[in-house]
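One letter stands for each residue in the lines below.
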Amino acid sequence: MGRKPKGRSSKEPADLPVHLALHQAIIDHRIPPGTPLLEDGLSVAFKVSRTVIRKALQRLAHERLVDLTPNKGAAVAKPSSEEARQVFEARRELEQTLVK
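All values reported here derive from a predicted model rather than from experimental measurement. (Residues numbered from 1 in each chain as written. Predicted model: local features only at pLDDT ≥ 70, side-chain atom pairs only at ≥ 80, totals over all residues. Heavy atoms only, no water.)

(A) Representation of the pairing of strand β3 (residues 73-76) within the structure. Looking at chain direction, strand β1 (residues 36-37) and β3 are connected through two bridges and run antiparallel. Note on β3: the bridge partner recorded for Leu 37 is Ala 74. With four bridges joining them, strand β2 (residues 66-69) and β3 adopt antiparallel strand pairing. Bridging from a neighbouring strand, Leu 68 pairs with Ala 74 of β3. Count of turn residues in the β2/β3 antiparallel hairpin: three residues, of which Asn 71 carries a positive phi of about 65 degrees. (Pairing = 2+ DSSP bridges. Helix = DSSP H or I, 4+ residues; strand = E, 2+ residues; numbered from the N terminus.)

Here it is as structure tokens:
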């Protein structure tokens, strides 16, 4: 009978806690646009393998929060002024709907 890892559901992907923490930090601007996200440093900070970090960074890239560049690594995305305007416009509409 196999043991379940502590602190994590057996169905929860190993990269989910890393993904959620980085996602929130980027959204809250605790990690500014353009900041390099180094796999080695993140794996030490989160106490997980670089494979788990890589998977979390790929998720964030899919969400367009991180830019992945071959042979250079990952960095927090720098949205264009048009992208930023669209995000703020969508957020304003969502917040108005929620208030109603």
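(B) Inspection of the packing of helix α1 (residues 16-27) against helix α3 (residues 50-62) at higher detail. Running from amino to carboxyl end, α1 crosses α3 at an angle of 50 degrees, the nearest separation of the two axes being 9 Å. One finds that α1 runs oblique with respect to α3. Of the two possible hands of crossing, α1 and α3 adopt the one that is right-handed. Residues Leu 16, Val 18, His 19, Leu 22 and His 23 of α1 form the contact with α3, whose participating residues are Val 52, Ile 53, Ala 56, Leu 57, Arg 59 and Leu 60. Looking at the contact of α1 with α3 residue by residue, the class counts come to eight nonpolar, two polar and one charged. (Axes fitted to C-alpha atoms, helices over the stretch in contact; angles between N-to-C directions. Parallel < 35°, antiparallel > 145°, perpendicular 65-115°, else oblique. Left-handed = near helix turned anticlockwise from the far one by under 90°. Contact = heavy atoms within 4.5 Å. Nonpolar A, V, L, I, M, F, W, Y, C, P; charged D, E, K, R; others polar.)

(C) Molecular detail of unusual backbone geometry. Although it is not a glycine, Lys 47 adopts a positive phi angle of roughly 55 degrees. In this structure, Lys 47 sits in the loop between α2 (39-46) and α3. Of note, the phi angle at Asn 71 is positive, near 65 degrees, even though the residue is not glycine. One can find Asn 71 in the loop between β2 and β3.

(D) Spotlight on the sheet that holds β1. A sheet is described by the order of its strands in space; here three strands give the open sequence β1-β3-β2, paired in antiparallel fashion. Among the strands making up the open sheet, the edge pair consists of β1 and β2.

(E) Looking closely at the nonpolar core. By size, the foremost hydrophobic cluster in this structure holds 16 residues, and its most contacted members are Leu 22, Ile 31, Leu 37 and Leu 57. Mapped onto this core, the elements with two or more residues apiece are α1, α3 and β3. The contacts of Leu 37, once residues within four sequence positions are left out, are Ile 31, Leu 42, Leu 57, Val 66, Ala 74, Ala 75 and Val 76. (Core = buried A, V, L, I, M, F, W, Y, C linked by side-chain atoms within 4.5 Å. Buried < 20%, exposed > 50% of the residue type's maximum accessible area, 1.4 Å probe, protein only.)

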